[in-house]
Amino acid sequence: MVHQTAAYWQRTQNHSALLLQQYRSGSCPVSLIAVCSGGSEAQGRAGAYITEQMLQWFRGLPFQKLARSPEKQVSALKGELAGFMARRNRELVSCGLLEPGEPLPLSGMMCVEESFLIFRQGRQEIYLLNKAFGRGSVQELGRELGPAGEAKALALEQGVLQKDVGLLFATTAFARVQRGEDLRECLYVEELGTEEQLDRRLRELGERGEALGGRDMGAVLFLARP
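Just so we're clear, the structure is a prediction, and the values are computed from it rather than from any experiment.

Cut-offs used in this document
As a convention, each chain's residues are numbered from 1 in the sequence order in which they are written. Where local features are concerned, this predicted model is filtered to residues with pLDDT of at least 70; where side-chain atom pairs are given and counted, the filter is 80 or more; whole-chain, interface and lining totals use all residues. For the side-chain quantities, the full set of heavy atoms in the structure was used; hydrogens and water were omitted. Comment: elements are numbered from the N terminus, with helices defined as DSSP H or I runs of at least four residues and strands as E runs of at least two. Multiplying 1.5 Å by the residue count of a helix minus one yields the expected span of that helix. The cut-offs for exposure are 20% and 50% of the maximum accessible area for each residue type, with area from a 1.4 Å probe on protein chains only; residues under the lower value are buried, those over the upper are exposed, and the others partly exposed. Between two residues, a contact is recorded if the distance between any of their heavy atoms is within 4.5 Å. An axis is simply a line fitted to the C-alpha atoms; with a helix, the fit covers only the stretch in contact. Between two such axes, the angle follows the N-to-C directions and lies from 0 to 180 degrees. Should the near helix be turned counterclockwise from the far one by less than a right angle, the crossing is left-handed, whereas a clockwise turn marks it as right-handed. Side-chain classes are defined by residue name, with Ala, Val, Leu, Ile, Met, Phe, Trp, Tyr, Cys and Pro counting as nonpolar, Asp, Glu, Lys and Arg as charged, and the others, Gly among them, as polar. By the convention used here, strands pair only if DSSP detects at least 2 bridges between them. The arc refers to the directions leading from the helix axis to the C-beta atoms. In this text, buried Ala, Val, Leu, Ile, Met, Phe, Trp, Tyr and Cys residues form a nonpolar core when linked through side-chain atoms within 4.5 Å.

Draft legend 1. Broad picture of helix H1 (residues 41–59). Counted at 1.5 Å a residue, the expected span for H1 with its 19 residues is 27 Å, and the 27 Å between its end C-alpha atoms agrees. Buried within H1 we find Gly44, Ala46, Gly47, Ile50, Thr51, Met54, Leu55, Trp57 and Phe58. Considering only its buried residues, H1 is in contact with strand E2 (17–25), strand E3 (28–36), helix H2 (63–68), helix H3 (70–94), strand E4 (106–112) and strand E5 (115–121).

Draft legend 2. Focus on the packing of H1 against H3. At a closest axis distance of 11 Å, the pairing of H1 and H3 adopts a crossing angle of 145°. Considering the relative orientation of H1 and H3, their crossing is right-handed. Residues Ala46, Tyr49, Ile50, Gln53, Met54 and Trp57 of H1 form the contact with H3, whose participating residues are Leu77, Glu80, Leu81, Phe84, Met85, Arg88, Glu91 and Leu92. Of the residues that constitute the contact of H1 with H3, the class distribution is 10 nonpolar, one polar and three charged.

Draft legend 3. Expanded view of unusual backbone geometry. Phi is positive for Asp164, which is not a glycine, with a value near 60°. Structurally, Asp164 can be placed in the loop between strand E8 (155–160) and strand E9 (165–170). For Asp164, a relative accessible area of 25% translates into the label partly exposed. Despite not being glycine, Asp216 has its phi angle at roughly 55°, a positive value.

Draft legend 4. Quick look at the sheet that holds E8. On the basis of which strands lie adjacent, the open sheet formed by five strands has the order E2-E3-E4-E5-E8 and antiparallel pairing. The open sheet has two free edges, formed respectively by E2 and E8, since each of these has just one partner strand. Taken pair by pair, the neighbouring strands of this sheet meet at an average axis angle of 10°, ignoring direction. By the bridge criterion, seven bridges tie E4 to E5 in an arrangement that is antiparallel.

Draft legend 5. Fine view of helix H7 (residues 195–211). With 17 residues, H7 ought to run about 24 Å at 1.5 Å a step, and its terminal C-alpha atoms sit 24 Å apart, in line with that. Of all the positions in H7, only Leu198, Arg201, Leu202, Leu205, Gly206 and Gly209 are classed as buried. For H7, the angular spread of the buried residues around the axis is 140°, confining them to a single face. Facing away from the buried side of H7 by over 90 degrees, the exposed positions are Glu196 and Ala211. Buried positions along H7 lie against strand E1 (2–9), E9, helix H5 (172–176), helix H6 (180–186) and strand E10 (218–225). In the stretch just after H7, Gly213 is the one whose phi turns positive, near 95°.

Draft legend 6. Fine view of the side chain of Ser25. Considering the arrangement of structural elements, one finds Ser25 in strand E2. Here Ser25 falls in the buried class, since its relative accessible area comes to 14%. For Ser25, the contacting residues outside a window of four places in its chain are Phe63, Gln64 and Ala67.

Draft legend 7. Main features of the pairing of E10. Burial analysis of E10 places eight of its eight residues in the buried class, the great majority of the element. Residue alternation in E10 divides its side chains into two sets, Gly218, Val220, Phe222 and Ala224 and Ala219, Leu221, Leu223 and Arg225, and both sets are buried. In this sheet, E10 lies alongside E1 in antiparallel orientation, the contact comprising eight bridges. Paired with Ala6 across the two strands is Leu221, which belongs to E10. Pairing analysis gives six bridges linking E9 to E10, with the strands arranged antiparallel. From the neighbouring strand, Leu167 faces E10, where its bridge partner is Phe222.

Draft legend 8. Structural context of the nonpolar core. Judged by nonpolar contacts, the single largest core of 32 residues is most densely connected at Ile50, Met54, Trp57, Leu61, Leu81 and Met110. For this core, the elements supplying multiple residues, two or more each, are E2, E3, H1, H2, H3, E4 and E5. Not counting residues up to four positions away in its chain, the partners in contact with Met110 are Val30, Ser31, Leu32, Trp57, Phe58, Leu61, Leu66, Leu77, Ser115, Phe116, Leu117 and Phe119. Ala6, Leu129, Leu192 and Met217 belong to the second-largest nonpolar core, a separate cluster that totals 21 residues.

Written as structure tokens, this is what we have:
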């Protein structure tokens, strides 16, 4: 399987944060995605801290071990990631960057080959992109991870990716200014053959959002290819 990715981050004043890391152990691709919403300087600093800590966590993973048994190892990472985020949230509260009971809105995924661990906390959606009846389909993954407004703690879901399926991880500000029709047209998985195409389509959505007054926007697009 091949992991194709693209990232968009608004270049004007932007308090959101995102992380996109990719590694290959032999023929096994490994990807980590994290997108943090931010509407203030404090949230921007919190997002920067979370993504920096996740980067260090990712670099310390046993990649050869992950590649030998992806599903088993991803399952083992579920509790580790939950504990990691609980500690980071407590640290951000103790230093005053977050209020108690109000976690930083974030979403993302750890994916090894076709085995994934998807996560979310706070008011932030994740979109599933695929094909239905010959047309592009965009579906929110709220049911699987619980209503977006109720995710006070980190929600985690493990699974196996199907081929030619895409996922969009976006800040609240990015999602708010997008129309479902635009998402379906721009991110139709059948028409996204290369990472250059992914990057161009995602950038087009970001530019539309900017023209509509969107701020603090960021997004990562992920496609699984056979």
